Amino acid sequence: MSEIKTLADLKKKQEEMRNRIKLRDSAENPEAFVQVKVAMATCGIASGAKEVMEYFVEELDKRSIRSIVTQTGCMGYCYAEPTVEITLPGKDPIVLGYVNTVRAEEIIEHYIKDGELVDGIIPQNYNTIKS
Amino acid sequence: MKWRRLTGIVLNRCLNIMVDMAMHLMDISQNSIRADAKNIQIAFNEDCESSRLTFRVGDDGNGMNEEELRSLEDPFFTTRTTRKVGLGIPLLKMTCEQTGGFLTVESEAGKGTIVQAVYCTDNPDCLPLGDIAGYLTMLIVANPDIRIKFTYRLNDKEFKLDTDELKEQEIDLRQSGLPGLLKPFIAENLKELFFHRAEKSFLC
(Lines give C-alpha, C1' and ligand atoms only; values in the text may rest on other atoms or scores of the structure.)
Protein backbone atom coordinates (compact mmCIF):
# COMPACT_ATOMS: atom_id res chain seq x y z
CA MET A 1 0.00 0.00 0.00
CA SER A 2 1.49 3.32 -0.96
CA GLU A 3 2.22 5.69 1.85
CA ILE A 4 -0.30 8.15 3.09
CA LYS A 5 1.65 11.21 4.12
CA THR A 6 -0.48 14.28 3.60
CA LEU A 7 -4.14 15.12 4.05
CA ALA A 8 -4.46 15.22 0.27
CA ASP A 9 -3.24 11.60 0.13
CA LEU A 10 -5.77 10.62 2.79
CA LYS A 11 -8.57 12.31 0.91
CA LYS A 12 -7.61 10.66 -2.36
CA LYS A 13 -7.47 7.22 -0.75
CA GLN A 14 -10.86 7.74 0.80
CA GLU A 15 -12.36 8.72 -2.53
CA GLU A 16 -10.90 5.67 -4.19
CA MET A 17 -12.43 3.58 -1.45
CA ARG A 18 -15.77 5.29 -1.80
CA ASN A 19 -15.94 4.41 -5.47
CA ARG A 20 -15.33 0.78 -4.67
CA ILE A 21 -17.97 0.47 -1.98
CA LYS A 22 -21.58 0.11 -3.02
CA LEU A 23 -23.75 2.94 -1.90
CA ARG A 24 -25.21 2.09 1.44
CA ASP A 25 -26.37 3.82 4.59
CA SER A 26 -27.28 7.13 3.02
CA ALA A 27 -30.27 8.20 5.07
CA GLU A 28 -30.48 5.21 7.33
CA ASN A 29 -32.28 4.97 10.57
CA PRO A 30 -29.64 4.51 13.29
CA GLU A 31 -31.85 1.93 14.97
CA ALA A 32 -31.22 -0.36 12.02
CA PHE A 33 -27.54 -0.49 12.87
CA VAL A 34 -25.84 -2.86 15.26
CA GLN A 35 -24.49 -0.76 18.10
CA VAL A 36 -21.27 -1.95 19.68
CA LYS A 37 -19.96 -0.07 22.68
CA VAL A 38 -16.52 -0.96 24.00
CA ALA A 39 -15.72 0.07 27.57
CA MET A 40 -12.69 2.37 27.50
CA ALA A 41 -12.02 3.37 31.05
CA THR A 42 -8.70 2.80 32.79
CA CYS A 43 -9.61 -0.81 33.53
CA GLY A 44 -10.61 -1.42 29.93
CA ILE A 45 -7.60 0.28 28.36
CA ALA A 46 -5.20 -1.52 30.68
CA SER A 47 -6.65 -4.92 29.71
CA GLY A 48 -6.43 -4.32 25.99
CA ALA A 49 -9.82 -2.96 24.94
CA LYS A 50 -8.25 -1.01 22.11
CA GLU A 51 -7.30 -4.19 20.26
CA VAL A 52 -10.87 -5.43 20.70
CA MET A 53 -12.27 -2.17 19.40
CA GLU A 54 -9.95 -2.18 16.39
CA TYR A 55 -10.97 -5.74 15.69
CA PHE A 56 -14.68 -4.95 15.76
CA VAL A 57 -14.26 -1.89 13.58
CA GLU A 58 -12.26 -3.79 10.99
CA GLU A 59 -14.23 -7.03 10.93
CA LEU A 60 -17.70 -5.53 10.93
CA ASP A 61 -16.57 -3.40 8.05
CA LYS A 62 -15.07 -6.33 6.15
CA ARG A 63 -18.27 -8.30 6.50
CA SER A 64 -20.38 -5.31 5.52
CA ILE A 65 -22.44 -5.42 8.69
CA ARG A 66 -24.05 -2.04 9.26
CA SER A 67 -22.81 -0.98 12.65
CA ILE A 68 -21.69 1.85 14.85
CA VAL A 69 -18.74 1.11 17.13
CA THR A 70 -18.19 3.58 19.95
CA GLN A 71 -16.52 3.85 23.33
CA THR A 72 -18.12 4.23 26.70
CA GLY A 73 -16.74 4.73 30.15
CA CYS A 74 -16.64 2.14 32.86
CA MET A 75 -19.77 0.03 33.03
CA GLY A 76 -18.80 -1.29 36.45
CA TYR A 77 -17.54 -4.71 35.36
CA CYS A 78 -13.87 -4.04 35.91
CA TYR A 79 -13.21 -7.66 36.91
CA ALA A 80 -14.36 -8.81 33.47
CA GLU A 81 -12.59 -6.28 31.27
CA PRO A 82 -12.50 -5.88 28.28
CA THR A 83 -16.28 -5.61 28.14
CA VAL A 84 -18.55 -4.81 25.22
CA GLU A 85 -22.21 -3.92 25.06
CA ILE A 86 -23.96 -5.05 21.91
CA THR A 87 -27.38 -3.86 20.84
CA LEU A 88 -28.85 -5.71 17.89
CA PRO A 89 -31.62 -3.84 16.08
CA GLY A 90 -34.87 -4.33 17.91
CA LYS A 91 -33.33 -6.24 20.81
CA ASP A 92 -32.20 -5.38 24.32
CA PRO A 93 -28.53 -4.60 24.82
CA ILE A 94 -26.37 -7.37 26.28
CA VAL A 95 -23.02 -6.99 27.96
CA LEU A 96 -20.24 -9.47 27.34
CA GLY A 97 -17.11 -9.76 29.41
CA TYR A 98 -13.59 -11.16 29.00
CA VAL A 99 -13.61 -10.21 25.33
CA ASN A 100 -10.43 -10.68 23.33
CA THR A 101 -10.01 -10.86 19.56
CA VAL A 102 -10.80 -14.60 19.46
CA ARG A 103 -14.02 -14.11 21.40
CA ALA A 104 -14.83 -11.02 19.34
CA GLU A 105 -14.73 -13.25 16.28
CA GLU A 106 -17.14 -15.66 17.97
CA ILE A 107 -19.42 -12.81 18.95
CA ILE A 108 -19.54 -11.46 15.42
CA GLU A 109 -20.08 -14.88 13.85
CA HIS A 110 -22.69 -16.15 16.27
CA TYR A 111 -24.40 -13.30 18.07
CA ILE A 112 -24.28 -10.44 15.59
CA LYS A 113 -24.89 -12.52 12.49
CA ASP A 114 -27.26 -15.17 13.82
CA GLY A 115 -28.59 -13.80 17.09
CA GLU A 116 -27.26 -16.88 18.89
CA LEU A 117 -26.22 -16.17 22.47
CA VAL A 118 -22.58 -16.85 23.30
CA ASP A 119 -20.59 -17.45 26.51
CA GLY A 120 -19.49 -14.72 28.77
CA ILE A 121 -22.68 -12.68 29.05
CA ILE A 122 -22.83 -10.52 32.16
CA PRO A 123 -26.40 -10.48 33.42
CA GLN A 124 -28.00 -7.04 33.62
CA ASN A 125 -31.35 -8.09 34.88
CA TYR A 126 -32.82 -11.43 35.62
CA ASN A 127 -35.60 -11.57 33.08
CA THR A 128 -35.74 -14.63 30.92
CA ILE A 129 -35.05 -13.85 27.30
CA LYS A 130 -38.00 -14.99 25.23
CA SER A 131 -36.83 -15.69 21.71
CA MET B 1 -5.58 1.49 57.55
CA LYS B 2 -6.69 -1.41 55.37
CA TRP B 3 -7.97 0.73 52.50
CA ARG B 4 -4.70 2.61 52.22
CA ARG B 5 -2.74 -0.63 52.03
CA LEU B 6 -5.12 -1.86 49.40
CA THR B 7 -4.44 1.24 47.31
CA GLY B 8 -0.76 0.61 47.56
CA ILE B 9 -1.16 -2.96 46.37
CA VAL B 10 -3.51 -2.01 43.55
CA LEU B 11 -1.24 0.77 42.34
CA ASN B 12 1.73 -1.54 42.50
CA ARG B 13 -0.02 -4.11 40.31
CA CYS B 14 -1.04 -1.40 37.92
CA LEU B 15 2.59 -0.43 37.51
CA ASN B 16 2.84 -3.13 34.88
CA ILE B 17 -0.48 -2.33 33.32
CA MET B 18 -0.41 1.31 32.19
CA VAL B 19 2.50 0.46 30.01
CA ASP B 20 2.67 3.36 27.64
CA MET B 21 1.83 6.96 26.83
CA ALA B 22 -0.77 6.06 24.24
CA MET B 23 -2.87 4.36 26.94
CA HIS B 24 -2.68 7.50 29.08
CA LEU B 25 -3.74 9.53 26.04
CA MET B 26 -6.89 7.44 25.68
CA ASP B 27 -7.57 7.36 29.39
CA ILE B 28 -7.32 11.11 30.04
CA SER B 29 -9.26 11.88 26.87
CA GLN B 30 -12.06 9.68 28.20
CA ASN B 31 -12.23 11.95 31.25
CA SER B 32 -12.69 14.92 28.94
CA ILE B 33 -15.42 13.11 27.03
CA ARG B 34 -17.24 12.33 30.28
CA ALA B 35 -17.06 16.02 31.12
CA ASP B 36 -19.05 16.73 27.93
CA ALA B 37 -16.16 18.43 26.16
CA LYS B 38 -16.72 19.52 22.59
CA ASN B 39 -13.06 20.35 21.97
CA ILE B 40 -10.12 18.31 23.14
CA GLN B 41 -6.52 19.34 22.56
CA ILE B 42 -3.88 16.67 23.01
CA ALA B 43 -0.30 17.81 22.83
CA PHE B 44 3.03 16.06 23.19
CA ASN B 45 6.02 18.31 23.41
CA GLU B 46 9.36 16.54 23.38
CA ASP B 47 12.53 18.48 23.94
CA CYS B 48 15.64 16.37 23.46
CA GLU B 49 17.97 19.08 24.77
CA SER B 50 16.45 19.15 28.23
CA SER B 51 15.19 15.53 28.03
CA ARG B 52 11.61 16.45 28.80
CA LEU B 53 8.36 15.14 27.37
CA THR B 54 5.31 17.18 28.22
CA PHE B 55 1.99 15.45 27.76
CA ARG B 56 -0.95 17.80 27.86
CA VAL B 57 -4.69 17.25 27.45
CA GLY B 58 -6.96 20.28 27.49
CA ASP B 59 -10.69 20.37 27.11
CA ASP B 60 -13.64 22.71 27.30
CA GLY B 61 -15.83 20.44 29.38
CA ASN B 62 -17.53 20.99 32.70
CA GLY B 63 -14.37 21.60 34.69
CA MET B 64 -14.02 21.02 38.41
CA ASN B 65 -14.40 23.07 41.53
CA GLU B 66 -11.59 23.43 44.08
CA GLU B 67 -12.63 20.52 46.22
CA GLU B 68 -12.78 18.14 43.29
CA LEU B 69 -9.45 19.42 42.04
CA ARG B 70 -7.83 18.65 45.37
CA SER B 71 -9.21 15.11 45.49
CA LEU B 72 -8.14 14.22 41.94
CA GLU B 73 -5.04 12.40 43.00
CA ASP B 74 -6.93 10.26 45.47
CA PRO B 75 -7.69 6.92 43.84
CA PHE B 76 -10.84 6.66 45.90
CA PHE B 77 -12.31 9.80 44.41
CA THR B 78 -14.44 9.47 41.32
CA THR B 79 -17.49 11.09 39.86
CA ARG B 80 -18.79 7.90 38.39
CA THR B 81 -21.43 5.82 40.12
CA THR B 82 -20.52 2.37 38.85
CA ARG B 83 -17.65 2.00 41.27
CA LYS B 84 -15.78 3.84 43.99
CA VAL B 85 -12.28 3.97 42.48
CA GLY B 86 -10.89 6.37 39.87
CA LEU B 87 -7.41 5.41 38.73
CA GLY B 88 -6.76 7.49 35.62
CA ILE B 89 -5.10 10.50 37.22
CA PRO B 90 -3.34 8.63 40.07
CA LEU B 91 -1.73 6.31 37.48
CA LEU B 92 -0.63 9.25 35.33
CA LYS B 93 0.84 10.89 38.41
CA MET B 94 2.69 7.72 39.29
CA THR B 95 4.18 7.14 35.85
CA CYS B 96 5.41 10.69 35.46
CA GLU B 97 6.77 10.93 39.00
CA GLN B 98 8.65 7.66 38.62
CA THR B 99 10.76 9.38 35.96
CA GLY B 100 11.31 12.43 38.10
CA GLY B 101 8.57 14.49 36.51
CA PHE B 102 5.38 16.03 37.89
CA LEU B 103 1.69 16.41 37.21
CA THR B 104 -0.31 19.62 37.20
CA VAL B 105 -4.02 19.98 36.72
CA GLU B 106 -5.77 23.30 36.17
CA SER B 107 -9.50 23.52 36.05
CA GLU B 108 -12.31 25.97 36.30
CA ALA B 109 -15.89 24.90 36.77
CA GLY B 110 -17.85 25.56 33.60
CA LYS B 111 -14.75 26.40 31.57
CA GLY B 112 -12.67 23.29 31.22
CA THR B 113 -9.61 21.43 32.39
CA ILE B 114 -5.97 21.12 31.45
CA VAL B 115 -4.00 18.08 32.61
CA GLN B 116 -0.27 18.32 32.11
CA ALA B 117 2.31 15.64 32.91
CA VAL B 118 6.03 16.13 32.47
CA TYR B 119 8.27 13.11 31.94
CA CYS B 120 12.07 13.02 32.06
CA THR B 121 13.16 11.09 29.00
CA ASP B 122 16.66 10.58 30.34
CA ASN B 123 15.29 8.32 33.04
CA PRO B 124 15.14 4.59 32.17
CA ASP B 125 11.73 4.35 33.88
CA CYS B 126 10.22 6.58 31.24
CA LEU B 127 7.23 4.93 29.57
CA PRO B 128 7.44 4.07 25.89
CA LEU B 129 5.08 5.92 23.59
CA GLY B 130 3.14 2.89 22.48
CA ASP B 131 0.65 2.79 19.65
CA ILE B 132 -0.31 6.46 19.48
CA ALA B 133 -1.62 6.11 15.93
CA GLY B 134 -3.97 3.28 16.93
CA TYR B 135 -5.37 4.90 20.07
CA LEU B 136 -5.76 8.28 18.41
CA THR B 137 -7.55 6.73 15.44
CA MET B 138 -9.98 4.89 17.73
CA LEU B 139 -10.57 8.07 19.70
CA ILE B 140 -11.35 10.09 16.58
CA VAL B 141 -13.51 7.44 14.95
CA ALA B 142 -15.55 6.77 18.08
CA ASN B 143 -16.23 10.47 18.72
CA PRO B 144 -16.87 12.08 15.34
CA ASP B 145 -18.76 14.97 16.93
CA ILE B 146 -15.90 16.13 19.12
CA ARG B 147 -13.20 18.35 17.68
CA ILE B 148 -9.87 16.74 18.48
CA LYS B 149 -6.63 18.60 17.89
CA PHE B 150 -3.54 16.48 18.21
CA THR B 151 -0.01 17.90 18.10
CA TYR B 152 3.29 16.13 18.44
CA ARG B 153 6.23 18.44 18.66
CA LEU B 154 9.78 17.14 18.64
CA ASN B 155 12.28 19.95 19.21
CA ASP B 156 11.39 22.32 16.38
CA LYS B 157 9.41 19.97 14.14
CA GLU B 158 5.79 19.08 14.60
CA PHE B 159 2.94 16.98 13.33
CA LYS B 160 -0.58 18.29 13.70
CA LEU B 161 -3.91 16.61 13.20
CA ASP B 162 -7.14 18.55 13.56
CA THR B 163 -10.44 16.78 12.96
CA ASP B 164 -11.95 20.06 11.76
CA GLU B 165 -9.32 20.17 9.07
CA LEU B 166 -10.26 16.64 8.05
CA LYS B 167 -13.87 17.75 7.75
CA GLU B 168 -12.89 20.80 5.69
CA GLN B 169 -11.04 18.50 3.33
CA GLU B 170 -14.24 16.46 3.14
CA ILE B 171 -12.66 13.41 4.67
CA ASP B 172 -15.67 11.64 6.11
CA LEU B 173 -15.03 10.42 9.65
CA ARG B 174 -18.03 8.14 9.63
CA GLN B 175 -17.25 6.32 6.43
CA SER B 176 -16.34 2.70 6.77
CA GLY B 177 -12.72 1.91 6.10
CA LEU B 178 -11.51 5.24 7.39
CA PRO B 179 -9.73 3.80 10.44
CA GLY B 180 -7.68 1.63 8.08
CA LEU B 181 -6.51 4.79 6.33
CA LEU B 182 -6.21 7.15 9.25
CA LYS B 183 -4.00 4.92 11.37
CA PRO B 184 -1.21 4.52 8.79
CA PHE B 185 -1.47 8.23 8.00
CA ILE B 186 -0.74 9.13 11.61
CA ALA B 187 1.83 6.35 12.04
CA GLU B 188 3.81 7.38 8.94
CA ASN B 189 3.94 11.00 9.94
CA LEU B 190 4.98 10.22 13.48
CA LYS B 191 7.64 7.79 12.29
CA GLU B 192 9.14 10.51 10.13
CA LEU B 193 9.10 12.88 13.05
CA PHE B 194 10.72 10.44 15.47
CA PHE B 195 13.60 9.98 13.10
CA HIS B 196 14.92 13.25 14.46
CA ARG B 197 14.96 12.05 18.06
CA ALA B 198 18.33 12.06 19.85
CA GLU B 199 19.80 8.62 20.38
CA LYS B 200 20.44 9.06 24.07
CA SER B 201 16.74 9.45 24.86
CA PHE B 202 15.03 6.58 26.67
CA LEU B 203 11.79 7.37 24.90
CA CYS B 204 10.78 4.99 22.13
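This text follows the structure it describes.
Residues numbered from 1 in each chain as written. Chains lettered and ligands numbered in written order. Predicted model: local features only at pLDDT ≥ 70, side-chain atom pairs only at ≥ 80, totals over all residues.

> Whenever I open this one, the overall build of chain B confuses me. Can you help?
Helix and strand counts for chain B stand at seven helices and six strands. Beginning at the N terminus, the succession of helices and strands in chain B can be written as α-α-β-β-α-α-β-β-α-β-β-α-α. Rg of the C-alpha trace for chain B: 17 Å, near the compact-globule value of 17 Å for 204 residues, within the 12% margin. Each of the three principal axes of chain B carries a C-alpha extent, and together these read 55 × 40 × 30 Å. Counting every position in chain B, which comprises 204 residues, the buried fraction comes to 38%. A separation of at least 24 residues holds for 68% of the contacts in chain B among residues at least 6 apart in sequence. (Helix = DSSP H or I, 4+ residues; strand = E, 2+ residues; numbered from the N terminus. Rg over C-alpha atoms; globule rule 2.2 N^0.38 Å. Buried ≥ 20, exposed ≤ 12 C-beta atoms within 10 Å, placed from the backbone. Contact = placed C-beta atoms within 7 Å.)

> Looking at this model, I keep getting lost on the nonpolar core. Mind explaining?
If you look at soluble globular proteins, the nonpolar side chains tend to sit buried side by side. In terms of nonpolar packing, the biggest core is built from 79 residues, with V38, V52 and F56 of chain A together with L25 and L136 of chain B touching the most fellow members. It is helix α5 (residues 132-142) of chain B that provides the largest number of residues to this core, a total of nine residues. In contact with V38 of chain A, not counting residues within four places along its chain, are A49, V52, M53, F56, V69, Q71, P82 and V84 of chain A. (Core = buried A, V, L, I, M, F, W, Y, C linked by C-beta atoms within 7 Å.)

> Sorry if this is basic, but what is going on with the packing of α5 of chain B against helix α7 (residues 178-194) of chain B here?
Residues and elements named next belong to chain B. Packing of α5 against α7 leaves a shortest axis separation of 8 Å and a crossing angle of 140°. Regarding the angle of α5 to α7, the classification is oblique. As for the relative orientation of α5 and α7, their crossing is right-handed in sense. Contacts between α5 and α7 pair I132, A133, G134, L136, T137, I140 and V141 from the former with L178, P179, L182, K183, I186, A187 and L190 from the latter. (Axes fitted to C-alpha atoms, helices over the stretch in contact; angles between N-to-C directions. Parallel < 35°, antiparallel > 145°, perpendicular 65-115°, else oblique. Left-handed = near helix turned anticlockwise from the far one by under 90°.)

> I tried to follow the interface of chain B and chain A on my own but got confused; where do I start?
Where interface size is given, it is often the accessible area lost as the parts come together that is meant. Taken together, the contacts link 35 residues of chain B with 30 residues of chain A. Among the secondary structure elements, those contributing two or more residues to the side of chain B that touches chain A are α2 (21-34), α4 (88-97), α5 and α7 of chain B. In terms of residue count, α7 of chain B provides more of the side of chain B that touches chain A than any other element does, eight residues in total. Of the residues belonging to the side of chain B that touches chain A, the class tally is 17 nonpolar, ten polar and eight charged. (Nonpolar A, V, L, I, M, F, W, Y, C, P; charged D, E, K, R; others polar.)

> Whenever I open this one, unusual backbone geometry confuses me. Can you help?
Residues apart from glycine generally show negative phi values, whereas peptide bonds are mostly found in trans. The linkage connecting E81 of chain A with the following residue, P82 of chain A, adopts the cis geometry, with an omega of -5°. As for its position among the elements, P82 of chain A is in the loop between β2 (67-72) and β3 (84-87). In this structure, S64 of chain A is a non-glycine residue whose phi angle is positive, near 55°. Within the element layout of this structure, S64 of chain A appears in the loop between α3 (49-62) and β2. If you check the backbone angles, D36 of chain B has positive phi at about 60° while not being a glycine. Judged by the 11 C-beta atoms lying within 10 Å of it, D36 of chain B is exposed.

> Help me understand the packing of α3 of chain A against helix α4 (residues 101-114) of chain A, please; the structure alone is not making it clear to me.
In helix packing, the relevant descriptors are the interaxial angle and the interaxial distance, both defined with respect to the helix axes. Residues and elements named next belong to chain A. The contact between α3 and α4 brings their axes to 9 Å, and the two run at 35°. Our pair here, α3 against α4, has a crossing hand that is right-handed. Between α3 and α4, the contacting residues are E51, V52, Y55, F56, E59 and L60 on the first element and T101, A104 and I108 on the second. Of the residues in the contact of α3 with α4, the class split is six nonpolar, one polar and two charged.

> Explain α5 of chain B to me, please; I cannot follow it from the model alone.
An α-helical turn contains 3.6 residues, so a residue and the one three or four places further along point in the same direction. Counted residue by residue, α5 of chain B has eleven buried out of eleven residues, so it is predominantly covered. Buried within α5 of chain B are the following residues: I132, A133, G134, Y135, L136, T137, M138, L139, I140, V141 and A142 of chain B. Contacts from the buried residues of α5 of chain B go to α3 and β2 of chain A together with α2, β5 (147-154), α6 (163-168) and α7 of chain B.

> Whenever I open this one, the sheet that holds β3 of chain A confuses me. Can you help?
Whenever strands of a sheet pair, they do so through backbone hydrogen bonds, lying parallel or antiparallel. All names here are of chain A. What the five strands build is an open sheet, ordered β2-β1-β3-β4-β5; its pairing is mixed. Every interior strand has two partners, whereas the edge strands, β2 and β5 (121-122), have only one. Sheet topology places β3 next to strand β4 (residues 94-96); three bridges connect them, and they run antiparallel. Residue pairing in the sheet places I86 in a bridge with I94 of β4. Across the sheet, α3 is in contact with β1 (34-39), β2 and β3; its angle to β1 comes to roughly 165°. (Pairing = 2+ DSSP bridges.)

It is worth stressing that arrangement in space is one thing and function is another; only the former is reported here.
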